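# A structural walkthrough
Listed below, chain by chain, are the residues.
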Amino acid sequence: MPGTLEKLFRPSSIAVVGASRNPSKIGHLVLRNILSGGFEGRVYPVNPSAEQVLGLRSYPSLSSTPGGVDVAVVCVPAITVLDVVEDAGEAGVEFLVVLSSGFKEVGNMDLERELVVRARKHGMRVLGPNVFGYVYTPSKLNASFGPSEVLPGKVAFITQSGALGIALMGYSVVEGVGVSSVVSVGNKADIDDADLLEFFEEDQSTSAVLAYIEGVENGRRFVEAASSFSARKPLIVLKAGRTEAGARAAASHTGSLSSGPALWEGVLKQVGALQVKDVEAAFDYARLFSAYSSVAGLSTLVLTNGGGAGVQAADILAENGIYLGEPPRDYVEKLRTFLPSFASTRNPVDLTGGATEELYYLALKHALDHPEVDSVLVLYCETKVADPLQTAEAILRALEDSEAEKPVVAGLLGGEGSRRAVKRLAERGVPAYPTPERAARALAALHRYAWLRSMLEKRRVQAQPQLALLHE
Ligand code: ACO
């Protein structure tokens, strides 16, 4: 049942059914998050046993609330959810977000089917059941029982794992990767990955999607929506259940059927998604695609003060099909004016262990200004010569002073100071990582996406005459 999810993400009013007076209960926590998040629409607690919850007047039912409800977040035991659906239908609710567990994931197929049948009868869409809620930062909406603190940004997370989603929300704050949205999809009885990809493809506030998927019900729709999405924005997929053991675990977690790993691998390639195997890589890519989604060409320059870091990065880039060519001759001439004679001006450019912050600034600024350089990987190994935070500042200054808009990815290896420098860069929108390998892999992902996108575009152009023939 496709249709716009606009009102789910930009509601004028939201109700919490089962808004408990007990501060440790889920319904209470969801209401608290909605209020503390700063949502500007109307908010209604629904609880027949309460007069007030968190200072708001409580209503005995959805149909008794004044002014209509766009979204009802349902936090009552599964056994009473069907009654809530009828009440919601009467109240003209458009979206039900069902947090309650106790449906397909524990074998209650009929109850889940009935939930969707009844919701559809009233023209409602269902997110869930068995979810922790959702977040949409452009609406300042945190309708979840996850952390209250959410860092606004441009990546949307779609997650079939509640716990992982909640953990990712916390991680995103610590790591400085902001989110436009976090959506827990749980059992995906109705709204699924395809619906959400369609929404985020058009959503101006979202530049990339990171999806944790255990399985999908409607493969064809997923392929269509994911291909269309990937042609416009990067889609990072963390596919769980890649092995027999993982697939069995997924079946008992959200009741998902997780088809064979080989099939999934093929599907993800076909749709142009970037597949990652762990949370760390997923976040590394998310950080990268928060900043950039395209690169003009394959000409990458690596700047480093440590030969070993440069070699590691060169290996990873080569394994991903990116071979480092010689730097442009006039760029080398510029380098020669400020580098010591023993510095290597090949690619990677070895600024030497004696490189200062100023040297980083100059090497990067000239690289950014050079028309034959498409992207720069800046590597730093902590020394006493160049302070890590000051080096981060030098990188930021070079970016500010150059008019060129080229991807710059940084890898800063070292202790506490280097960690702080990584964070500082991340906060200022420069994808930075604590190792050269992770930085190189992230840059390689950007190139891979550029290639995937061009393949999708080629396929689209080739398919057009065939489609025209079909319509004749
Ligand atoms: N309408 C409105 N309010 C109601 C109704 C109703 N029909 N029925 C009960 N209430 C009130 C109750 O009086 C109570 O309020 P009070 O505490 O002020 O008296 C409140 O709603 C909550 O009802 P409880 O019966 O106390 O339910 P409880 O909060 O214990 O549990 C819950 C409800 C959280 C939905 C539970 O059944 C559940 O499913 N928990 C698991 C949730 C979960 O983990 N989801 C998935 C996470 S993501 C993942 O892992 C994939």
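Relevant structure appears above.
Residues numbered from 1 in each chain as written. Predicted model: local features only at pLDDT ≥ 70, side-chain atom pairs only at ≥ 80, totals over all residues. Heavy atoms only, no water.

### Some words on the site of the ligand
In the vicinity of the ligand lie 21 residues, with S20, R21, K25, L99 and S101 positioned nearest. Separating an oxygen atom of the ligand from a side-chain N or O atom of R21 is a distance of 2.8 Å. Bound to the protein, the ligand loses 72% of the 1000 Å² it would expose on its own. Broken down by class, the residue content of the shell around the ligand amounts to eleven nonpolar, eight polar and two charged. (Near = heavy atom within 4 Å. Polar contact = N/O pair within 3.5 Å; in protein donor to acceptor, adjacent residues only side chain to side chain. Areas by Shrake-Rupley, 256 points an atom, 1.4 Å probe, with all protein chains shown as cover. Nonpolar A, V, L, I, M, F, W, Y, C, P; charged D, E, K, R; others polar.)

### What to know about the nonpolar core
A general trend in soluble globular proteins is that nonpolar side chains are found buried together. Counting residues in each nonpolar core, the largest one holds 79 residues, and the members touching the most others are F289, L303, L351, L364, V376, L377 and L425. The greatest single-element share of this core, amounting to nine residues, is contributed by helix α16 (residues 436-471). Among the domains, domain 2 (149-291) and domain 3 (294-451) are the pair contributing at least three residues each to this core. Residue contacts for F289: discarding those within four places in its chain leaves S207, A208, P234, I236, L274, A445, L446 and Y449. With 50 residues, the next largest nonpolar core counts V43, V53, V97 and A194 among its residues. (Core = buried A, V, L, I, M, F, W, Y, C linked by side-chain atoms within 4.5 Å. Buried < 20%, exposed > 50% of the residue type's maximum accessible area, 1.4 Å probe, protein only. Helix = DSSP H or I, 4+ residues; strand = E, 2+ residues; numbered from the N terminus. Domains from an automatic or database assignment. Contact = heavy atoms within 4.5 Å.)

### Concerning the pattern of salt bridges
Summed over the entire model, instances satisfying the criterion amount to 27 salt bridges. The partner of R420 in a salt bridge is E416, with the nearest N and O atoms 4.0 Å apart. Of the two residues, R420 and E416 both sit in helix α15 (residues 416-427), four residues apart, roughly one turn of that helix. A residue is classified by how much of its surface remains accessible, and R420, at 48% relative accessible area, is partly exposed. (Salt bridge = Lys/Arg side-chain N within 4 Å of Asp/Glu carboxyl O.)

### Topic: the sheet that holds strand β13 (residues 235-239)
The mixed open sheet is built from seven strands, whose spatial order is β9-β8-β11-β10-β12-β13-β14. At either margin of the open sheet sits one strand with a lone partner, and together these are β9 (141-144) and β14 (274-276). With strand direction ignored, the average angle separating the axes of adjacent strands in the sheet is 20°. Across three bridges, the pairing between strand β8 (residues 133-136) and strand β11 (residues 179-184) is antiparallel. Counterpart to V135 in the pairing with β11 is V182. Its contacts with the sheet place helix α6 (residues 193-202) against β8, β10 (152-159), β11, β12 (208-213) and β13, and it is angled at close to 165° to β10. Against the sheet, helix α9 (residues 261-271) touches β12, β13 and β14, its axis set at about 175° to β13. (Pairing = 2+ DSSP bridges. Axes fitted to C-alpha atoms, helices over the stretch in contact; angles between N-to-C directions.)

### Things to note about α6
Counting buried residues in α6 gives eight out of ten residues, a clear majority hidden from the surface. Taken together, the buried positions of α6 are occupied by D193, A194, D195, L196, L197, F199, F200 and E201.

### Regarding the environment of T304
Residue position: T304 is located in strand β15 (residues 300-304). Sequence-wise, T304 and V17 are 287 residues apart; in three dimensions their C-alpha atoms are separated by 56 Å. Once residues lying within four places of it in the same chain are set aside, the contact partners of T304 are A309, G310, P348, V349, D350, L351, T352, Y360 and L379. Among the polar contacts made by the side chain of T304, one reaches the main-chain carbonyl oxygen of G306 at a distance of 2.8 Å.

### Observations regarding the packing of helix α12 (residues 329-338) against helix α13 (residues 357-369)
Following both chains from N to C, one finds α12 and α13 inclined at 165°, their axes separated by 10 Å at the closest point. Classed by the angle they form, the pair α12 and α13 counts as roughly antiparallel. Crossing angle aside, the handedness with which α12 passes α13 is right-handed. Residues Y331, K334, L335 and F338 of α12 form the contact with α13, whose participating residues are L359, L362, A363, H366 and A367. Looking at the contact of α12 with α13 residue by residue, the class counts come to seven nonpolar, one polar and one charged. (Parallel < 35°, antiparallel > 145°, perpendicular 65-115°, else oblique. Left-handed = near helix turned anticlockwise from the far one by under 90°.)

### Some details on the sheet that holds strand β6 (residues 95-98)
On the basis of which strands lie adjacent, the open sheet formed by five strands has the order β2-β1-β5-β6-β7 and parallel pairing. Two strands lie at the open edges of the sheet, namely β2 (42-46) and β7 (125-127), each paired on one side alone. Within this sheet the neighbouring strands show an average axis-to-axis angle of 20°, counted without direction. In the sheet, strand β5 (residues 71-74) pairs with β6 via four bridges, with the strands oriented parallel. Pairing of A72 across the sheet is with L96, part of β6.

### Here's the deal with the pairing of strand β1 (residues 13-17)
Counting buried positions over the five residues of β1 gives five, a clear majority of the element. Burial along β1 is two-sided: the residues S13, A15 and V17 and I14 and V16 are all buried. Between the parallel pair β1 and β2, the chain is carried across by helix α2 (residues 26-37), and the sense of this crossover is right-handed. Examined bridge by bridge, β1 and β5 share four bridges and lie parallel to one another. Bridge assignment links V17 to a residue of β5, and that residue is V74. (Right-handed = clockwise from strand over helix to strand, strands pointing away.)

Such coordinate-based values are descriptive only and should not be taken to indicate function.
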